[in-house]
Amino acid sequence: MVVRQYAQELEYLERLTPHSWRIKKGFQPNMNVEGIFYVNQTLEKLMFDELRNACRPGMVGGFLPGVKQIANVAALPGIVGKSVGLPDVHSGYGFAIGNMAAFDIDNPDSIVSPGGVGFDINCGVRLLRTNLMLEDVLPVKEQLAQSLFDHIPVGVGSKGIIPMNAKDLEEALEMGMDWSLREGYIWAEDKEHCEEYGRMLNADPSKVSLRAKKRGLPQLGTLGAGNHYAEIQVVEEIFDKWAASKMGIEEQGQICVMIHSGSRGFGHQVATDALVQMEKAMKRDNIETNDRQLACARISSQEGQDYLKSMAAAANFAWVNRSSMTFLSRQAFAKKFGMAPDDLDMHVIYDVSHNIAKVEEHIVDGKPKTLLVHRKGSTRAFPPHHPLIPVDYQLTGQPVLIGGTMGTCSYVLTGTEQGMLETFGSTCHGAGRALSRAKSRRNLDYTEVLRKMEYMGISIRVASPKLVMEEAPESYKNVTDVVNTCHAAGISKKAIKLRPIAVIKG
Amino acid sequence: MSKRLLNALEYPEADKLNLNDENAFRNVIVWLELNRIKKAPQSLSNQLKNTNSKDWYTIYCKYKDGLGCPVLESKIEELQWILGYAVQIETQKNKNLYFKHAVENLQNTNVPAVVAENLLDKLDFRSQEFADGIKALAKVLNTVTHPDPLVTLKAVRKVIIQRMSPDCVENPDKYVLKGTPFPFQDTDLGFDLNDPVLNQAAKILRMIYIQNLRDLQTRANELIVAVQSVTANPKTDTKLGKVGF
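Remember, predicted model here, so these are calculated numbers, not experimental data.

What counts as what
- Here the residue numbering is sequential within each chain, running from 1 through the sequence in written order.
- Chain A is the first chain written and ligand 1 is the first ligand written, with later ones labelled in order.
- Restriction of local features to residues with pLDDT of at least 70 applies here, the model being predicted, together with a cutoff of 80 or more for giving and counting side-chain atom pairs; totals for whole chains, interfaces and linings are based on all residues.
- Note that the side-chain values use all heavy atoms of the structure and ignore hydrogens as well as water.
- Patch rule: a residue counts if its relative accessible area is over 30% and it has no salt bridge; like charges are joined within 9 Å, and nonpolar side chains (Val, Leu, Ile, Met, Phe, Trp, Tyr) within 5 Å.
- Note on areas: Shrake-Rupley, 1.4 Å probe, and residue coverage restricted to the protein chains presented here.
- Salt bridges are counted wherever a side-chain nitrogen of Lys or Arg sits within 4 Å of a carboxyl oxygen of Asp or Glu.
- Secondary structure elements follow DSSP: runs of H or I of four or more residues count as helices, runs of E of two or more count as strands, with numbering from the N terminus.
- Each residue is placed in one exposure class: buried if its accessible area under a 1.4 Å probe, protein chains only, is under 20% of its type's maximum, exposed if it is over 50%, and partly exposed if it falls in between.
- Only heavy atoms matter for contacts: two residues are in contact if any of them lie within 4.5 Å across the pair.
- Counted charges follow a simple rule, with Lys and Arg positive, Asp and Glu negative, and His plus the chain ends left uncounted.
- N or O atoms within 3.5 Å of each other form a polar contact, as long as, within protein, one can give a hydrogen and the other can take it, and as long as residues adjacent in sequence are counted only when both atoms are side-chain atoms.
- We define a nonpolar core as any set of buried Ala, Val, Leu, Ile, Met, Phe, Trp, Tyr and Cys residues linked to one another through side-chain atoms lying within 4.5 Å.
- UniProt positions are given in the numbering used here, feature names are shortened, and annotations may be inferred rather than shown by experiment.
- Segmentation into domains, and thus their bounds, comes from an automatic or database assignment.
- Put simply, Ala, Val, Leu, Ile, Met, Phe, Trp, Tyr, Cys and Pro go in the nonpolar bin, Asp, Glu, Lys and Arg in the charged bin, and everything else, Gly too, in the polar bin.

### Describing a nonpolar patch on the surface
Residues and elements named next belong to chain B. A cluster of nonpolar side chains, namely Phe191, Leu193 and Leu198, defines an oily patch on the protein surface of about 260 Å² accessible area. Position of Phe191 among the secondary structure elements: in the loop between α11 (172-175) and α12 (196-231). Phe191 gets classed as partly exposed once you look at its relative accessible area, which sits at 40%.

Structure below.
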């Protein structure tokens, strides 16, 4: 790889609009298309600092800076349009987290890459609304947080309390949320308000290793650790009154529940297994990439197809997982308030996936094309009238749920036509890391973090408090910066801002 | 069999008849044509009346072909067919009378007799009277009229089916949807037809489409709920008030 000075690197970056930058071809070798990233002034500084640090002599090891990763993805075979970096972009395994890339299915060279999906397959956010107001919840906030903590299994290695045997797991992997529906854990309307209707039809559990199933079985219905959480939130601000009312959010002070979780160890094992297979496929098919972490296989190859089928099974696992936690949250609320979940109006507003690859139709250079869209740390954001979004949101555009970090706010955005054209209907997914996990552990004290939460009036229940500083707001970019950038760039539109009052964490 | 049909057609002294007798046969045919079938042209029926004529058989053949009788093996079979034809004509004539005694109508003899004939069949849909009637009906129902009264009728029918059923009139809340208003005029149509009138029309089509889609989705949800009542794990019933297992 070429080694250049920071100043020389900057020649390949060009400001397009106040909120976007172009990455020109040549920034990394063999780029097939250009890159683009969306930032505001604050986020811009973070991006460029990262690049400058990487240009210092002697900086080797660790992940490449985000901009470089976006450019490397632009060099993958079969990529169309642009390699897109969303405002929350930060370095990840191969692909940056907050990177979106689409590959033409009709091009025989096009690839699928597990690095472009991430290890936590179908990690996503689900938002439930209630008809409760802040004043109804404040007196029982502590008990409610405890009740949620008691019912949702959290933490590393936690086990689910919804009984499952191996046969149930096989069925759940194939059926996704249809399994939860069949068993009665969720409501018919939940399926309606979920991306893909909560089930990827191409899932094939027989393509999943026994090891993954063994890891997955006890973890189904658990929240997990890391950045995953369940939060009781309160509506703080409504930006788009009509979109909010379509979602059943009528006024400030309304209480919601947000669940952020994924496919746990199951998805991780599926990704790990696939990476091994893909390295072999790359050698056989002579696929060249700029980074070894960008292991991939042709979409049409056996390895590519096997990965897509097992990834779909992992996606279904994640949906069943979030559905089980929906069931448990509804029960916890119902018990606390002595009312049925129906009477509490605990409907799912929406459920988004922000680590996934999907086959979608898009217009490229004026022609309709079938693409395999990788979204890693990026959320689908389809515009109004798109056939794949629920009928209730046909006029507003798809709700996009942006989970904040522990103790900061979360947002609901809606998809826009401009986003459909510029970013293949994709937007940001959350705050995005600013400090690495190790750095956070070194620099922050967990008691301090917990005290701060308490000061902000947030009830918190954590399974492993010593890991809390990894997830402290200081370790992340400011989610408001990220969301405002998406709004200003027009790739999605702000609808609602939510603030946590209780946090359940792994 | 022939005798029973003749009886049904009220042929005098049918029981004593010997149909193999050529004369009797001829008389029966003439009687049927004159009293029941009445389809032959005047000249033919006059010739047919002359049963003693040498040409009678030729005339008869002309007559039965005129009725559309198929080629059959014997004269008796031909008579059978002509009798059937005559019965059909009689039945048609007294259709309403028979319908009143049909099985399905017999069951509710207490209720007023149902007029089986569809009165609308006889309506002239293009008449001014019809158009005015529909217009008046639409006005009563607060429905916008269309230049084509049949289209208006369709709309009126919809209103009546959806809002005028006895249950609906008694419990309007169950049927009248209470939506929250939405400024659909300000929403993005997703495309531009470069004509405000066309755009407006397209928007209305969008709304109708979305409503149809909502209906479909609601029915899908109802189906799922119905299936759930069979397949669901009984422990998931929230009415139990028990959290977890």
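### Let's talk about helix α3 (residues 66-74) of chain A
Counting buried residues in α3 of chain A gives 9 out of 9 residues, a clear majority hidden from the surface. Turning to α3 of chain A, its buried residues are Gly66, Val67, Lys68, Gln69, Ile70, Ala71, Asn72, Val73 and Ala74 of chain A.

### Thoughts on the environment of Glu250 of chain A
Residue and element names in this part refer to chain A. Tracing the backbone through its elements, the reader meets Glu250 in the loop between α10 (241-246) and β9 (254-261). Among the residues examined, Glu250 registers a relative accessible area of 49% and is labelled partly exposed. For Glu250 and Gly35, which are 215 residues apart along the polypeptide, the C-alpha to C-alpha distance reads 40 Å. Residues within four places of Glu250 in sequence aside, it is in contact with Ile238 and Ser245.

### Comments concerning the side chain of Arg380 of chain A
All names here are of chain A. Among the structural elements, Arg380 can be located in strand β14 (residues 379-380). The side chain of Arg380 is buried and forms no salt bridge, while Glu195, the nearest opposite charge, is found at 4.0 Å. A distance of 3.1 Å separates the side chain of Arg380 from the side chain of Tyr350, its partner in a polar contact.

### A look at the nonpolar core
Residues and elements named next belong to chain A. Membership of the largest hydrophobic core comes to 126 residues, with the highest contact counts inside it found for Leu13, Ile23, Phe37, Met311 and Phe333. Top element by residues in this core is helix α12 (residues 302-337). It accounts for 15 residues. Excluding residues that lie within four positions of it along the chain, Met311 makes contacts with Val117, Ile121, Met200, Val270, Ile356 and Ala357.

### What to know about the UniProt feature "binding site: Mn(2+) 2" (unreviewed entry) in chain A
Residues and elements named next belong to chain A. Annotation from UniProt places "binding site: Mn(2+) 2" (unreviewed entry) at Cys123, His260 and His354. Taken together, the annotated residues stretch across 232 residues yet fold into one region, lying no more than 10.4 Å apart by C-alpha. On the secondary structure map, His354 appears in the loop between β11 (348-353) and β12 (355-364). Exposure remark for His354: the relative accessible area of 2% places this residue in the buried category. Beyond its immediate sequence surroundings of up to four residues, His354 is in contact with Cys123, Gly124, Val125, His260, Arg375, Lys376, Gly377, Ser378, Thr379 and His429.

### Looking at the domain arrangement of chain B
Considered domain by domain, chain B is made up of domain 1 (2-99), domain 2 (125-178) and domain 3 (180-231). Relative to domain 3 of chain B, the C-alpha centre of domain 1 of chain B lies at a distance of 65 Å.

### Section: the interface of chain A and chain B
By a widespread convention, an interface's size corresponds to the accessible area lost as its parts come together. Chain A puts 30 residues into the contact, and the matching count from chain B is 27 residues. The interface formed by chain A and chain B includes 2 salt bridges. One salt bridge connects Arg214 of chain B with Asp392 of chain A, and the closest N-O pair in it is separated by 2.8 Å. Looking at the side of chain A that touches chain B, the elements that each hand over two or more residues are α7 (177-183), α8 (188-192), α10 and α12 of chain A. Per-element tally for the side of chain A that touches chain B: the top contributor is α12 of chain A, with 5 residues. Considered class by class, the residues forming the side of chain A that touches chain B number 15 nonpolar, 7 polar and 8 charged.

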